[in-house]
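The lines below spell out each chain.
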Protein chains: 2
Amino acid sequence: MQISTREKIIELLTEAGDGFVSGETLAKKLNCSRAAVWKHMEELRKEGFELEAVRKKGYRIKGTGDKVTKNEIRYGLGTKRLARNIHYRETIDSTQRLAHQLVQEGCPDGTLVIAEQQTGGRGRLRRSWYSPKYTGIWMSIVLRPDLPPQMAPPFTLIAAVAVAQAIEETAGIVPEIKWPNDLLIGGKKCAGILTELEADTDRIQAVITGIGINVNETDFPDPLKSIATSLSLASGKKVKRALLIQRILEKLEKYEEIYLQNGFAPLKILWESYANVAGKKITAHTLKGDISGSAVGITDDGVLQLEGEDGQMHAIYSADIEIER
Amino acid sequence: MQISTREKIIELLTEAGDGFVSGETLAKKLNCSRAAVWKHMEELRKEGFELEAVRKKGYRIKGTGDKVTKNEIRYGLGTKRLARNIHYRETIDSTQRLAHQLVQEGCPDGTLVIAEQQTGGRGRLRRSWYSPKYTGIWMSIVLRPDLPPQMAPPFTLIAAVAVAQAIEETAGIVPEIKWPNDLLIGGKKCAGILTELEADTDRIQAVITGIGINVNETDFPDPLKSIATSLSLASGKKVKRALLIQRILEKLEKYEEIYLQNGFAPLKILWESYANVAGKKITAHTLKGDISGSAVGITDDGVLQLEGEDGQMHAIYSADIEIER
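Residues numbered from 1 in each chain as written. Chains lettered and ligands numbered in written order. Predicted model: local features only at pLDDT ≥ 70, side-chain atom pairs only at ≥ 80, totals over all residues. Heavy atoms only, no water.

Going by an unreviewed UniProt entry, chain A carries the name Bifunctional ligase/repressor BirA and comes from Heyndrickxia faecalis. Per its UniProt entry, chain A bears the Function (unreviewed entry) comment "Acts both as a biotin--[acetyl-CoA-carboxylase] ligase and a repressor." (UniProt positions renumbered as here; feature names shortened; annotations may be inferred.)

Following this line, the structure appears as structure tokens:
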């Protein structure tokens, strides 16, 4: 992987911690002029880094602003494979659309597409997804596991666990997972996951996981007001998006590895600790009609088991779930 | 569907058969000037249509040249759903790549991408595919069946049958199908099929079937010479590409409908009549290693059954097959 000069600067300043690094030292290590160092610093400031410059001492990092640029995400990221390749956009139609294009162009495993805003964000069944600028997380992650297509369904559940845990750690609130792909706080949606495949008939080429999270929105337009919330509205404080993204990527990488080695069963317990349907009366709206009954739980393959009112057991692969409260 | 003026002209001339249609009649029906009609005729000539213009009689179609433009393919096409939407390019990197992009943009079921030449044509496992200008058929068809991803494997076999039959009818030679995705004449490859998916985890969004056929090539570059042939080299005559394409599309549409209604079993017999492996000693080179033994046949799901030298039965989902002769 090629490291840019700016990434190298972040690395050097990070290594120095609270200490200063002189412009001279930076210029020497980067093999450039001090004027060039200064220019890079200006660019990093524009990307949201709070850089302190003190005469005769040099530079140090004070903190990062709330943008989700490449450097913001890389600075402090503890992954081995995920997001080593990042495509960042201020505005995009849909991060899923670009991720599919990158897959066609042969992008590596772990590629991340992230945008400050989506103008055509979408969820399951091509429903639109509200994605305003700078307040939420709108990203798509390309994984390239060597698996047959029928092994793909648990990826949605694995991503849901990674997002739920990361929210818990960074925002201090515990979201509920609504099978298969929504996260709720107080019954309102705060995040959604969209897992799509590109595949040969017998082999996955790429799992493209889209993750949308309402983070720092303070309000929602009318049709969404009653059904959507943000982490900020729920917790009463602003959440640093880059930090939340890093925790998600780290957990997703770890849980994908567990899945590839041991299957979904060991992750099921974790998933169940966030899930809200088991034992509840629900109606599953599927593409082939509605089924009402009692949610028993999910199988080791991630399929929802529903005991119908007729006493029959139904295996639900995908549906909109309505929980009777 | 919107019909262009040029398509309307083709329709009117086709209806007239061997008869002439006057410029005046055309102008009236198309609601344009006779000069405009003449201009359209010139454009159609450039696309390869042989149009006869006789003073005081009008225009008629004599035949079409060997190009594979939209009009060439539509003129005489007997499909209901396939290729009602055609994307034609003189040169393209890969028709599969554009088809994937169109799927992301929401293109309809049956969309056809076709090019006179591919500069980055590819086969299974991203192997390159030689696709010179004007001599072969390089196309991708987007189907949007409502099926789970595990129902996708037979699409390769269905396409292979459609291509084999269409070759038999238009070139008068019977190719052999080499499981899973190659067509051979005299042991040399004349066509290949690449089936790819875009899908939600539980539902196919699109089956993208790439078909490459060596049609009128008179020679191949050195590394291919010993393993590739064309329909023209094998039959000793030129084959009209647009005609072959039409027959493929018609058969593919029919066989897809049979598959959706009755599964692969009724198509298996047809497939077997072209297949060359049953009963033969083969080695299957899979991504996980080689297996040698006797090919028993394929299952109703399109999986190759191989009786290993150890007497064990192996189910092969994908492989390069080497036949011992």
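Participant: Could you clarify how one ought to interpret helix 3 (residues 34–46) of chain A in this entry?
Facilitator: Note: α-helices contain 3.6 residues per turn, so residues at a spacing of three or four share the same orientation. Residue and element names in this part refer to chain A. Spanning 13 residues, helix 3 covers 19 Å between terminal C-alpha atoms, matching the ideal 18 Å at 1.5 Å per step. Listed in full, the buried residues belonging to helix 3 are Val37, His40, Met41 and Leu44. Take helix 3 and look down its axis: the buried residues cluster within an arc of 105 degrees, on one side only. Residues of helix 3 that are exposed and point over 90 degrees away from its buried face: Ala35, Lys39 and Lys46. (Helix = DSSP H or I, 4+ residues; strand = E, 2+ residues; numbered from the N terminus. Expected span 1.5 Å × (residues − 1). Buried < 20%, exposed > 50% of the residue type's maximum accessible area, 1.4 Å probe, protein only. Arc of directions from axis to C-beta.)

Participant: Before we go on, may I ask you to explain the pattern of salt bridges in this structure?
Facilitator: Pairing between side chains of opposite charge can happen when the charged atoms of each approach one another. The full count for this structure, using the stated rule, is 37 salt bridges over all chains. Salt-bridge contacts for aspartate 219 of chain A lead to lysine 225 of chain A; the nearest nitrogen and oxygen are separated by 3.9 Å. A salt bridge links arginine 81 of chain B to glutamate 257 of chain B; the nearest nitrogen and oxygen atoms lie 3.3 Å apart. Here arginine 81 of chain B, found in the loop between helix 4 (70–74) and strand 3 (86–92), pairs with glutamate 257 of chain B, found in helix 9 (residues 241–262); they are 176 residues apart in sequence, far enough to count as distant. (Salt bridge = Lys/Arg side-chain N within 4 Å of Asp/Glu carboxyl O.)

Participant: Can you help me understand the UniProt feature "binding site: biotin" (unreviewed entry) in chain A in this one?
Facilitator: Residue and element names in this part refer to chain A. Sequence positions flagged by UniProt for "binding site: biotin" (unreviewed entry) are, in local numbering, Gln118, Arg122, Gly123, Arg124 and Lys189. With respect to the helices and strands, the residue arginine 124 is situated in the loop between strand 4 (112–118) and strand 5 (136–143). For arginine 124, a relative accessible area of 15% puts it in the buried group. Apart from the residues lying within four places of it in its own chain, the contact partners of arginine 124 are Asn181, Leu194, Ser318, Ala319 and Asp320. Among the structural elements, lysine 189 can be located in strand 8 (residues 188–200). Setting aside anything within four residues of it in sequence, one finds lysine 189 in contact with Trp129, Asp182, Leu183, Leu184, Asn214, Ile227, Ala228 and Thr229. (Contact = heavy atoms within 4.5 Å.)

Participant: Please explain a negative patch on the surface as it appears in this structure.
Facilitator: Residues and elements named next belong to chain A. Judged by side-chain charge, Asp290, Glu307, Glu309, Asp310, Glu322 and Glu324 come together as a negatively charged surface patch. In this structure, aspartate 290 sits in strand 11 (residues 289–298). Aspartate 290 gets classed as exposed once you look at its relative accessible area, which sits at 54%. (Patch = residues over 30% accessible without salt bridge, like charges linked within 9 Å, V, L, I, M, F, W, Y side chains within 5 Å. Areas by Shrake-Rupley, 256 points an atom, 1.4 Å probe, with all protein chains shown as cover. Lys, Arg positive; Asp, Glu negative; His and termini not counted. Charge placed at Lys NZ, Arg CZ, Asp CG, Glu CD.)

Participant: Can you help me understand the relation of the copies chain A and chain B in this one?
Facilitator: For the match of chain A to chain B, the screw axis carries a shift of 0.0 Å, the RMSD comes to 0.1 Å, and the turn is 180 degrees. What the superposition gives is, in effect, a two-fold axis relating one chain to the other. When C-alpha distances to the rotation axis are compared across chain A, the minimum falls at glutamate 198 of chain A, with a value of 2.3 Å. The overlap is high: 100% of the interface residues of chain A also sit at the interface in chain B, so the same surface is used on both sides. (Least-squares fit on C-alpha atoms with pLDDT ≥ 70 in both.)

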